[in-house]
Amino acid sequence: MELLQELRNKEYKPKPVKRVYIPKKNGAKRPLGIPIIKDRIVQQSVVNVLSPKFEDGIFHKCSCGYRPNLGIERVMQIILWYVEHGYNHIYDCDIKGFFDNIPHKKLMKVLTKYIADGTVLDMIWAWLKTGYMEEGKYMETNSGSPQGGVISPLLSNVYLNELDWELEKAGIKFVRYCDDFLLFAKTKEEIQRAGAIAKRVIESLGLEVAINKTRFVDFNKDDFKFVGFDFKHWRKKKNSDYKYFMIEPTAESFKDFKKKIKDATRKTLTLSQEEWIKKVNPIIRGKVNYYSIPYKAVEKNKEYGQESHCYLKSFSKELHKIDAYTRQRLRVCMIHKHPTVRKGMARKLKWNVEYFCRIKLIPAGWLYYDNMWGYPIEKYIEKQTGKNKRNKQRYIEKLKAKGIEYYTKERLEIIAYSKGLAIT
């Protein structure tokens, strides 16, 4: 009620945000500005009123970041649609330090085109100019809309909406996710023209293209990355004229997947098997659901009559590696007395693929295919068990051909230990 009274009396003044840093993939740090709860409440209230108005015909349909009912799946749909229709010359562009470099006056000029309420405009100006606290010191802000604020995503979309409609006016095919965007064309000349137009508009907004993150791509021979996926160029099947391309999660995404599993399975904790499974299952489910986005986009485009040439099964080995890593981490964690990697390996036969499936661990490899086509877990267990047996047998035969004995006394002791037997 005090806050409401402040707003009614026009006495509300925002406080400086708290500056914190989070690591980026390239090793640098991204600054965030965290507002106090009071300011977050007011910002969210303004967003609740403004967002529906901008969604009603002001924002472009190919702008997909930080918008209700839009996101990565919509981005994927657009990319697949253009690629399948022959728009294989691509301009992959990133705006340098976008959130930190938005000119305040130019942003306000754009906002006045859509917002007539002076009180709202004054509040937005105050949020932009409120400054930030870092290590106990107050710092002014002369440009930018700090990431971390509730209203920042909306303001960024409003500002880059100017770019969207200039591209539309020039007849350029594009998709934008926040400050990252792709332009599409059928020829090299067309994409160079599109890139020049985009660069001119970005500079007119007082921003700068990140040269080190921007490039022209010929998807007939070049790959590119966008929204956490590797798009691998068109290729032909052996002894066939059939053409296809592939989409895979990036190597960084798999690395992050593995790190999250590692962080969740610290052997310093003593938990029951059920508790360990509860810790890792949400990680697996979240990552695999993200990896399933290209399939969902393909299926959505099929509803509009688009035939797909996208191959989506090229990274199953990576998922099985993640599964093997997860099981090994859990084997060690589930040993309560002096857990070691050696002891975990000794339980590999007893706590195998089937065992972990029975105690409700979600295999990433199974979930990915289950999301797409429905894959019974029993069939997955049968396939993996048979595959492991065949791989083991081939390995034993290779050793035998080299004159190396596989079933050494030490190995037999480990097998006996894992089965709870004793040998002499």
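The preceding data block contains the structure.
Residues numbered from 1 in each chain as written. Predicted model: local features only at pLDDT ≥ 70, side-chain atom pairs only at ≥ 80, totals over all residues. Heavy atoms only, no water.

Caption draft 1: Region of the structure containing the sheet that holds strand β4 (residues 132-134). Strand order in this open sheet of 4 strands is β2-β1-β4-β5, and the pairing throughout is mixed. In this open sheet, the two strands that pair with only one neighbour each are β2 (29-34) and β5 (137-139). Across the sheet, the mean angle from the axis of one strand to that of its neighbour is 40 degrees, orientation sign disregarded. Pairing of β4 with β5, which is carried by 3 bridges, proceeds in the antiparallel orientation. Paired with Y132 across the two strands is M139, which belongs to β5. (Pairing = 2+ DSSP bridges. Helix = DSSP H or I, 4+ residues; strand = E, 2+ residues; numbered from the N terminus. Axes fitted to C-alpha atoms, helices over the stretch in contact; angles between N-to-C directions.)

Caption draft 2: Spotlight on the pairing of strand β3 (residues 89-94). Burial within β3 is extensive, with 6 of its 6 residues counted as buried. Here β3 shows a buried face lined by H89, Y91 and C93 and a second buried face lined by I90, D92 and D94. Here β3 runs beside strand β7 (residues 180-185); their pairing, made up of 6 bridges, is antiparallel. From the neighbouring strand, D92 faces β7, where its bridge partner is L182. When β3 meets strand β8 (residues 215-218), the two strands line up antiparallel, connected through 4 bridges. (Buried < 20%, exposed > 50% of the residue type's maximum accessible area, 1.4 Å probe, protein only.)

Caption draft 3: Region of interest: the packing of helix α5 (residues 104-111) against helix α7 (residues 152-169). Where α5 contacts α7, the axes come no closer than 10 Å and their chain directions differ by 80 degrees. The pairing of α5 with α7 is recorded here as roughly perpendicular in orientation. Between α5 and α7, the contacting residues are K106, L107, V110 and L111 on the first element and L155, V158, Y159 and E162 on the second. Each residue belonging to the contact of α5 with α7 can be placed in one class, and the counts come to 6 nonpolar, no polar and 2 charged. (Parallel < 35°, antiparallel > 145°, perpendicular 65-115°, else oblique. Contact = heavy atoms within 4.5 Å. Nonpolar A, V, L, I, M, F, W, Y, C, P; charged D, E, K, R; others polar.)

Caption draft 4: How the structure looks around the sheet that holds strand β11 (residues 243-249). Spatially, 4 strands are ordered β9-β10-β11-β12 in an open sheet, and the strand pairing comes out mixed. Looking at the sheet topology across the chains shown, the edges are occupied by β9 (224-226) and β12 (310-311). Here β9 runs beside strand β10 (residues 229-236); their pairing, made up of 3 bridges, is antiparallel. By the bridge assignment for β10, F224 is matched with F231. Lying over the sheet, helix α3 (residues 72-84) contacts β9, β10, β11 and β12, oriented at roughly 20 degrees with respect to β10.

Caption draft 5: Examining a positive patch on the surface more closely. Residues K237, K313, K317, K379, K383, K387, R390, R394, K398 and K402 make up a contiguous surface patch of positive charge. No other element matches the 6 residues that helix α16 (residues 377-401) contributes to the positive patch. Summarising the element assignment, K398 is placed in helix α16. (Patch = residues over 30% accessible without salt bridge, like charges linked within 9 Å, V, L, I, M, F, W, Y side chains within 5 Å. Areas by Shrake-Rupley, 256 points an atom, 1.4 Å probe, with all protein chains shown as cover. Salt bridge = Lys/Arg side-chain N within 4 Å of Asp/Glu carboxyl O. Lys, Arg positive; Asp, Glu negative; His and termini not counted. Charge placed at Lys NZ, Arg CZ, Asp CG, Glu CD.)

Caption draft 6: Representation of the pairing of β10. Two successive antiparallel strands, β9 and β10, enclose a turn made up of 2 residues, where V227 displays a positive phi of approximately 45 degrees. When β10 meets β11, the two strands line up antiparallel, connected through 6 bridges. Within the sheet, the bridge partner assigned to D230 lies in β11 and is E248. As consecutive antiparallel partners, β10 and β11 are separated by 6 residues, and within that stretch N239 has a phi angle of approximately 55 degrees, a positive value.

Caption draft 7: Looking closely at the environment of V341. Among the structural elements, V341 can be located in helix α13 (residues 341-346). For V341, a relative accessible area of 53% gives the class exposed. Sequence separation between V341 and Q328 is 13 residues; the distance between their C-alpha atoms is 8.1 Å. With residues up to four places along the chain from it excluded, the contact list for V341 reads Q328 and V332.

Caption draft 8: Representation of helix α2 (residues 37-55) within the structure. Here α2 is 19 residues long and its end C-alpha atoms lie 26 Å apart, about the 27 Å a rise of 1.5 Å per residue gives. The largest bend in α2 comes to about 30 degrees, at N48, with the proline P52 one to four residues further on. Among all positions of α2, only D39, V42, Q43, V46, V47, L50, S51 and F54 are buried. (Expected span 1.5 Å × (residues − 1). Bend = angle between axes of the 7 residues up to and from the residue.)

Caption draft 9: Representation of the pattern of salt bridges in the model. Taken as a whole and judged by the stated rule, the model has 17 salt bridges. Where E275 meets K278, a salt bridge forms, and the shortest distance between an N and an O atom there is 3.8 Å. Here the residue E275 and the residue K278 both occupy positions in helix α10 (residues 273-291), the gap between them amounting to 3 residues, near one helical turn. The partly exposed category is assigned to E275, whose relative accessible area is 37%. The class of K278 is exposed, set by a relative accessible area of 57%.

Caption draft 10: Quick look at the packing of aromatic side chains. Counted under the stated rule, the structure contains 25 aromatic pairs. Arranged with centres 4.9 Å apart and planes meeting at 70 degrees, the rings of W234 and F245 form a pair that is edge-to-face. Pair noted here: W234 is in strand β10 and F245 is in strand β11, with a separation of 11 residues, a long-range link. Taking the relative accessible area as the measure of exposure, W234 reaches 11% and is therefore buried. An aromatic cluster of at least three residues, connected via ring pairs, comprises F254, F257, Y291, Y295, F315, Y368, Y369, W373, Y375 and Y380. For R19, the ring lying beneath its charged end belongs to Y132, and the centroid distance is 3.8 Å. (Phe/Tyr/Trp six-rings, centres within 6.5 Å; stacked < 30°, edge-to-face > 60°. Lys NZ or Arg CZ within 6 Å of the ring centre and 35° of its normal.)

Caption draft 11: Local environment of the side chain of R327. On the secondary structure map, R327 appears in helix α12 (residues 316-333). No salt bridge is formed by the buried R327; the nearest opposite charge belongs to D323, separated by 5.0 Å. With residues near it in sequence (within four places) discarded, R327 still touches N352, V353, F356, L361 and Y380.

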